[in-house]
Amino acid sequence: LLLLAAAVLRLAYVLCTPYDMRQHDGGGHIEYVAYLVEHNFRLPALDFDPREGWQFYHPPLNHLLLAVWVKLRMLLGATFAQSLESAQALSLFWSCAALYCCWRMFQALKIRGAGLFAACALVGFCPVLVINAAAVNNDGLLFLWEMALLNDVARWWRAPTAGRCARIGLFL
């Protein structure tokens with residue numbers, strides 16, 4: 001119930017927050033997505049100096065996923081701004097999936113009772129993690145990958161398997 005309440009809080013925050021509000025570095029990430037949409041998902045290369053554009057040096061996975069989302073929405077008639085607004089759904093998904101990974105990690109670490117409640121409450125209602133649920137940048141996906149990595153490390157520590165070790169390598 002605690003994690004469900006945290007997910008509902010994130011959903012409410014996303015629904016009440018425009019994509020361009022409280023973005024500490026959103027402008028550059030939005031430029032990155034716009035570049036990918038305008039150039040049919042071609043990564044920035046030698047056509048300009050990436051140091052002249054904000055955030056173009058970031059790993060492209062989240063930006064590519066956002067660009068695909070935006071392009072699909074635009075093909076359905078939405079404007080770029082409307083598409084970015086709805087792209088917050090991806091950040092919301094990353095955030096809620098990270099909550100689940102945290103809960104699984106806490107279980108793997110044998111945290112029980114009040115400790116499990118406190119750990120889930122800390123992650124579930126941490127203000128910066130709630131704000132990241134509405135962010136149009138790569139922080140949410142990065143946090144999800146970090147929590148998935150820590151979950152797998154905690155599980156590998158209890159029961160080492162080659163598959164889990166391969167997933168740890170993938171998340172790294």
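Preceding this paragraph is the structure being described.
Here the structure is a predicted model, which means the values were calculated and not measured.

(A) Region of the structure containing the nonpolar core. Core analysis: the largest hydrophobic core is formed by 35 residues, its most contacted members being V33, L66, L84, F106, V123, V136 and L144. If you list the elements that add at least two residues to this core, you get α2 (26-38), α3 (61-75), α4 (80-108), α5 (113-124) and α7 (139-158). The element that contributes the greatest number of residues to this core is α4, accounting for 12 residues. When near neighbours in sequence (up to four residues on either side) are disregarded, F106 contacts I111, L116, A119, C120 and V123. Judged by nonpolar contacts, the second largest core, of 6 residues, contains V14, L92, V130 and A133.

(B) How the structure looks around the pattern of salt bridges. By the definition in use, this model includes 2 salt bridges. The salt bridge involving D152 is made with R164; its shortest N-O contact spans 3.2 Å. Within this pair, whereas D152 is found in helix α7, its partner R164 is found in helix α8 (residues 162-171), the two being separated by 12 residues in sequence. Both residues of the pair, D152 and R164, belong to the buried class. Here R167 and D152 are joined by a salt bridge, their closest N and O atoms 2.9 Å apart. With a gap of 15 residues between them, R167 in helix α8 and D152 in helix α7 connect regions that are remote in the sequence.

Scoring rules and cut-offs
Every residue gets a number counted from 1 within its own chain, in the order that chain's sequence is written. A pLDDT threshold of at least 70 governs which residues receive local features in this predicted model, and a stricter bar of 80 or more applies before side-chain atom pairs are shown or counted, although totals over entire chains, interfaces and linings include all residues. As a convention, hydrogens and water are excluded, and side-chain values are obtained from all of the structure's heavy atoms. Take the buried residues of types Ala, Val, Leu, Ile, Met, Phe, Trp, Tyr and Cys, join any two whose side-chain atoms come within 4.5 Å, and each joined set is a nonpolar core. Three labels apply to residues, based on accessible area from a 1.4 Å probe with only protein chains included: buried if under 20% of the type maximum, exposed if over 50%, partly exposed otherwise in between. Starting at the N terminus, helices and strands are each numbered in turn, a helix being any DSSP run of H or I of at least four residues and a strand any DSSP run of E of at least two. In what follows, a contact means two residues having at least one pair of non-hydrogen atoms within 4.5 Å. Salt bridges are counted wherever a side-chain nitrogen of Lys or Arg sits within 4 Å of a carboxyl oxygen of Asp or Glu.

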